[in-house]
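# Understanding the architecture of this molecule
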Amino acid sequence: MADSTTGSPADKVLTLDTMNQNIRTMEYAVRGAIPIRAEELREELKTQPPGTLPFKEIIACNIGNPQQLDQKPITFLRQVSALMEYADLLGPDMIDTTRKLFPEDAIDRARRNLEYVGGAPGAYTQSLGIMEVRRNVAKFIEQRDGFPADAKNICLTSGASGAVERVLDMLVANPSVGVMIPIPQYPLYTATLAHLNARAVPYYLQEENDWQLSIGDLERGLREAREAGTDVRALVVINPGNPTGGCLLESNIAEIVRFCERERLVLLADEVYQTNIYTQTNPFVSFKKVVSQLQSPVELFSLHSISKGMVGECGRRGGYYEAVNIDDAVMGQLLKLASVCLCPNVQGQMAVDIMVSPPTPTDASYAQYTREISDIFESMKRRAAKLAAAFNSLPAMTCNDAQGAMYLFPRVRFPQAFVAEVHALGKEPDAVYCMQMLEATGISVVPGSGFGQVPGTFHFRSTFLPPEHLFDSFIDSFKRFHTEFMARYPTDAAEDKSRVG
């Protein structure tokens with residue numbers, strides 16, 4: 001293979017100037033400068049003598065990637081996956097040995113799922129995904145919400161990110177199209193809109209009200225965008241919230257649905273954290289359920305994924321969207337768009353099937369499955385509370401409790417001397433703080449500027465996924481860094497501990 005760097009830039013057809021400029025404009029903070037530096041430091045830890053760096057490992061709190069931080073995979077899912085990948089284990093020559101290693105319901109599920117794909121799990125499936133899996137997704141939605149769901153309206157995707165990209169691709173007809181997105185938001189949305197040369201229309205979540213959504217702010221943002229010539233076509237809601245950890249009340253969801261009705265907006269509900277709920281006051285309620293209760297005609301795409309929850313199989317890339325009240329002709333175009341990509345990841349589709357159709361009480365794996373799910377959930381709940389308490393114990397820092405998801409989004413009131421110093425360098429204070437944290441502790445988090453925030457405020461996002469037995473040392477390391485950081489600057493009003501202002 002020829003060296004990709006051969007020749008001078010003048011010899012190249014594809015250069016930074018000739019490439020798609022929308023890609024140059026894209027930013028994705030979750031995989032930005034700090035995670036890139038974290039990987040460099042990870043390599044240094046492997047090659048440098050012990051003690052060269054002030055920490056022993058990189059703690060990747062920048063991304064919701066549970067198994068990277070030692071979350072145990074769900075046994076039943078892995079057993080079925082193993083049997084499907086090496087189906088000879090199910091043949092007559094090996095089945096007796098297999099039964100000594102695998103429970104009978106895992107064997108039965110693997111055989112059933114192999115039938116779904118004609119015995120060929122390495123072959124393409126239908127472009128919208130395996131119909132039997134889509135039927136199981138529809139049953140799951142019906143049981144969750146108490147309203148009918150149709151497998152024909154379910155599309156399996158390679159992670160929820162694939163669903164987001166596909167739906168936005170359908171919505172953006174020209175550069176004047178705008179999509180309303182929450183601030184703070186998951187950077188996938190701004191990155192995809194930049195790639196499509198579309199306009200992001202921000203609306204701010206209310207930090208002082210546990211990150212609920214203000215209809216007044218939605219109306220103001222929409223009015224200003226339309227007055228500026230933006231063709232606003234859709235509203236994105238992330239519930240439970242990423243990066244905030246907030247969970248919307250059902251009454252707030254109903255207000256949002258009615259708003260989309262009045263303003264003729266397509267609603268995109270990102271609900272990938274729907275099983276990560278740590279509060280009884282704000283239980284998860286799906287947008288599909290509220291749309292059904294209200295008998296609303298609002299056009300809705302709702303998303304789910306195997307990457308989050310207690311499954312945490314990020315690398316298998318499995319997800320789905322349900323299309324509600326979408327025009328039949330548009331559904332045909334969505335099929336065409338799916339067909340271009342041939343099919344979703346097959347192992348991801350199979351993991352979706354297990355997520356929505358887990359072992360039942362009469363199955364051999366039921367006890368172990370429910371125990372593993374419960375253990376992961378209860379551990380996440382404890383870690384969320386412990387990390388929020390740690391943040392709130394520190395000077396110049398406040399943090400709302402995590403009602404859901406995998407993240408906390410604490411606010412830091414930096415000393416004005418630090419803010420002025422960093423701004424003079426043309427940098428963002430929260431980005432500099434997070435980079436200094438990484439260099440001092442090995443903890444990788446994402447600055448709030450990567451998600452958007454109210455101007456003049458500063459935050460960062462951290463997962464609470466480090467293993468529980470290491471959690472105290474992780475918190476101690478962070479506390480030490482923050483205390484030493486604040487001590488480098490004179491005490492001022494930035495240390496006010498009020499939650500807002």
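Cut-offs and rules
Along each chain, residues carry numbers from 1 onward, in the same order as the chain's sequence is written. The predicted nature of this model means local features are confined to residues of pLDDT at least 70 and side-chain atom pairs, given and counted, to a pLDDT of 80 or more, with totals for whole chains, interfaces and linings taken over all residues. To get the side-chain values, take all heavy atoms of the structure and skip hydrogens and water. Helix numbers and strand numbers start at the N terminus; a helix is a DSSP run of H or I with at least 4 residues, a strand a run of E with at least 2. Every radius of gyration here is taken over C-alpha atoms, with the globule rule written as 2.2 Å times N^0.38, N being the number of residues. Per-residue accessibility, obtained with a 1.4 Å probe over protein chains only, is compared with the maximum for each type, and a residue is labelled buried under 20%, exposed over 50%, and partly exposed between these values. Contact definition: two residues touch when any of their heavy atoms are within 4.5 Å. In this count, Lys and Arg are taken as positive residues and Asp and Glu as negative ones, while His and the chain termini are left out. In plain terms, the charge of a residue is placed at NZ if it is Lys, CZ if Arg, CG if Asp and CD if Glu. Each residue after the first adds 1.5 Å to the expected span of a helix. Only the stretch in contact is used when a helix axis is fitted, and all axes are lines through C-alpha atoms; the angle between N-to-C directions ranges over 0 to 180 degrees. Any angle from 65 to 115 degrees is called roughly perpendicular, while one under 35 is roughly parallel, one over 145 is roughly antiparallel, and all others are oblique. Definitions for this section: a left-handed crossing has its near helix turned counterclockwise from the far helix by less than a right angle. A right-handed crossing has that turn clockwise. Any two strands are treated as partners once DSSP identifies two or more bridges connecting them. Just so you know the grouping, Ala, Val, Leu, Ile, Met, Phe, Trp, Tyr, Cys and Pro go in nonpolar, Asp, Glu, Lys and Arg go in charged, and all remaining residues, Gly too, go in polar. Criterion for a salt bridge: a side-chain nitrogen of Lys or Arg within 4 Å of a carboxyl oxygen of Asp or Glu. Disulfides are defined in this document as cysteine sulfur pairs within 2.5 Å. The directions from the helix axis to the C-beta atoms are what the arc is built from.

## Brief notes about the overall build of the protein
Scanning the protein from terminus to terminus reveals 17 helices and 15 strands. In terms of C-alpha radius of gyration, the protein reaches 24 Å, essentially the compact-globule figure of 23 Å for 501 residues. Projecting the C-alpha coordinates of the protein onto the three principal axes gives extents of approximately 75 × 60 × 60 Å. Every one of the 501 residues in the protein was classed for burial, and the buried ones make up 54%. The long-range fraction of contacts in the protein, counting pairs at least 24 apart against all pairs at least 6 apart in sequence, stands at 74%. Positive and negative charge centroids in the protein, built from 48 and 60 side chains respectively, lie 1 Å apart.

## Some words on helix H14 (residues 366-392)
For H14, built from 27 residues, the straight-helix expectation of 39 Å at 1.5 Å per residue is met to within 8% by its first-to-last C-alpha distance of 39 Å. Turning to H14, its buried residues are Tyr369, Glu372, Ile376, Phe377, Ser379, Met380, Arg383, Ala384, Leu387, Ala388, Ala390 and Phe391. Summarising the contacts, the buried residues of H14 are in contact with helix H3 (75-85), helix H13 (346-356), strand E10 (397-398), strand E11 (407-408), strand E15 (460-463) and helix H17 (471-487).

## Let's talk about the packing of helix H16 (residues 429-441) against H17
Orientation of H16 relative to H17, taken along the N-to-C sense of each, is 125 degrees, at an axis distance of 10 Å. By the angle class used here, H16 and H17 are oblique. Along this stretch, H16 crosses H17, giving a crossing that reads as right-handed. In contact with Tyr433, Gln436, Met437, Ala440 and Thr441 of H16, H17 contributes Ser477, Phe478, Phe481, His482 and Phe485.

## Considerations on the sheet that holds strand E8 (residues 300-305)
With respect to topology, 8 strands assemble into an open sheet ordered E2-E9-E8-E7-E6-E3-E4-E5, the strand pairing being mixed. Looking at strand neighbours, the two that pair on one side only are strand E2 (154-157) and strand E5 (212-213), the edges of this open sheet. Both strand E3 (residues 177-183) and strand E4 (residues 199-206) contribute to a ladder of 6 bridges, which runs parallel. Bridged to Pro182 within E4 is Tyr203. Lying on the sheet, helix H7 (residues 159-171) is in contact with E2, E3, strand E6 (231-238), strand E7 (266-270), E8 and strand E9 (319-324); it crosses E2 at an angle near 120 degrees. Against the sheet, helix H10 (residues 250-263) touches E3, E5, E6 and E7, its axis set at about 165 degrees to E6.

## Focus: the packing of H7 against helix H8 (residues 188-195)
Packing of H7 against H8 leaves a shortest axis separation of 10 Å and a crossing angle of 40 degrees. As summarised for this structure, H7 and H8 are arranged oblique, according to the angle between their axes. In the packing of H7 onto H8, the handedness of the crossing is right-handed. On the side of H7, the interface is formed by Ser161, Val164, Glu165 and Leu168, while H8 contributes Leu188, Tyr189, Thr192 and Leu193. In terms of residue class, the contact of H7 with H8 is made up of 5 nonpolar, 2 polar and 1 charged.

## A few points about the pattern of salt bridges
All chains considered together, the criterion is met by 21 salt bridges. A salt bridge links Arg112 to Asp353, with the nearest nitrogen and oxygen atoms 2.8 Å apart. With Arg112 in helix H5 (residues 104-116) and Asp353 in helix H13, this pair connects stretches of sequence that are 241 residues apart. Between Arg262 and Glu219 there is a salt bridge, and its shortest N-O distance comes to 3.4 Å.

## What to know about the environment of Ile373
Within the secondary structure layout, Ile373 lies in helix H14. With residues up to four places along the chain from it excluded, the contact list for Ile373 reads Ile74 and Met310.

## Brief notes about the state of the cysteines
A complete count under the given rule lists 0 disulfides for this structure. In this structure Cys61 is not part of a disulfide, and its nearest cysteine sulfur, from Cys434, lies 11 Å away. Residue Cys61 is classed as buried on the basis of its relative accessible area, which comes to 0%. Of the cysteine sulfurs around Cys341, a residue in no disulfide, the closest is that of Cys155, at 9.5 Å.

## Examining H17
End to end, H17 covers 24 Å across 17 residues, agreeing with the expected 24 Å (1.5 Å per residue, within 8%). Among the residues of H17, Phe471, Phe474, Ile475, Ser477, Phe478, Phe481, His482, Phe485 and Met486 are the ones counted as buried. With its buried residues spanning 160 degrees around the axis, H17 presents them on a single face.

## A short note on the sheet that holds E15
The strand order across the open sheet formed by 3 strands is E11-E15-E14, and the pairing between neighbours is antiparallel. Edge positions in the open sheet fall to E11 and strand E14 (446-447), since each of these has one partner strand only. Note that E14 and E15 share 2 bridges and pair antiparallel. Across the sheet, residue Pro447 finds its bridge partner in E15, namely Phe460.

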